[in-house]
Amino acid sequence: QVQLVESGGGLVQAGGSLRLSCAASGRVFAINVMRWYRQAPGKQRELVAQLRTTGGSTNYADSVKGRLTISRDNANNTVYLQMNSLKPEDTAVYYCNVGTIFGSDFWGQGTRVTVSS
């Protein structure tokens with residue numbers, strides 16, 4: 001199994017920045033895709049960003065392109081979400097997710113991001 005611990009959430013004003021971190025442990029050798037999701041109150045869970053470990057290809061939701069960047073630190077088994085030019089509509093609980101070569105998915109506990117206007 002893979003365990004994920006998230007950190008970096010908080011309260012920021014519109015236009016500010018945050019960097020979310022997700023540290024993985026366990027069977028990290030099996031991870032082949034890393035993702036960030038978010039869920040705002042009363043809303044569906046939304047895929048924000050995706051990174052494939054082989055080749056490093058990335059994908060982003062249209063609403064965050066140019067503002068949010070997903071990256072990884074292989075030495076520390078950590079995935080990041082750099083969040084710039086934040087907007088109130090970015091307010092949500094952000095969840096780290098990883099997929100493995102075995103077809104299983106694992107989730108972090110979530111970290112709350114609140115952007116004030």
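Refer to the preceding data block for the structure.
A short tour of the structure in this document, coming up. (Residues numbered from 1 in each chain as written. Predicted model: local features only at pLDDT ≥ 70, side-chain atom pairs only at ≥ 80, totals over all residues. Heavy atoms only, no water.)

### Concerning the state of the cysteines
The condition that has to hold: Pairs of cysteine sulfur atoms within 2.5 Å are what we label disulfides. The helix count covers DSSP runs of H or I at least four residues long, the strand count covers runs of E at least two residues long, and both are numbered beginning at the N terminus. Exposed residues in this analysis have more than 50% of their type's maximum accessible area, buried residues have under 20%, and partly exposed residues fall in between, with area computed by a 1.4 Å probe over protein chains only.
Scanning the entire structure with this criterion turns up one disulfide. Note on cysteine connectivity: Cys22 is disulfide-linked to Cys96, with sulfurs 2.2 Å apart. For the disulfide bridge between Cys22 and Cys96, the dihedral angle about the S-S bond is near -85°, and by the sign convention the bridge is left-handed. Placement of the pair is Cys22 in strand S3 (residues 18-26) and Cys96 in strand S9 (residues 92-100), with a sequence separation of 74 residues. Summarising the burial analysis for this pair, Cys22 and Cys96 share the class buried.

### With respect to the packing of aromatic side chains
What describes a pair of aromatic rings is the distance from one ring centre to the other and the angle between the planes of the rings. Using the following cut-off: Within 6.5 Å between ring centres, the rings of Phe, Tyr and Trp (the latter by its six-membered ring) count as paired, and their orientation is classed by plane angle as stacked under 30 degrees, edge-to-face over 60, tilted in between. Whether a charge lies above a ring is judged from NZ of Lys or CZ of Arg, which has to be within 6 Å of the ring centre and within 35 degrees of the ring normal.
Counting across every chain of the model gives one aromatic pair. Considering the side-chain rings of Tyr37 and Trp107, the 5.0 Å spacing of their centres and the 45° angle between planes classify their relative orientation as tilted. Of this pair, Tyr37 sits in strand S4 (residues 31-39) while Trp107 is found in strand S10 (residues 105-107), placing the two residues 70 residues apart along the sequence. Judged by its relative accessible area of 37%, Trp107 is partly exposed. Of note, Arg19 hangs over the ring of Tyr80, and the distance from its end group to the ring centre comes to 4.3 Å. Above the face of the Tyr37 ring, Arg45 is positioned so that its terminal group lies 4.7 Å from the ring centre.

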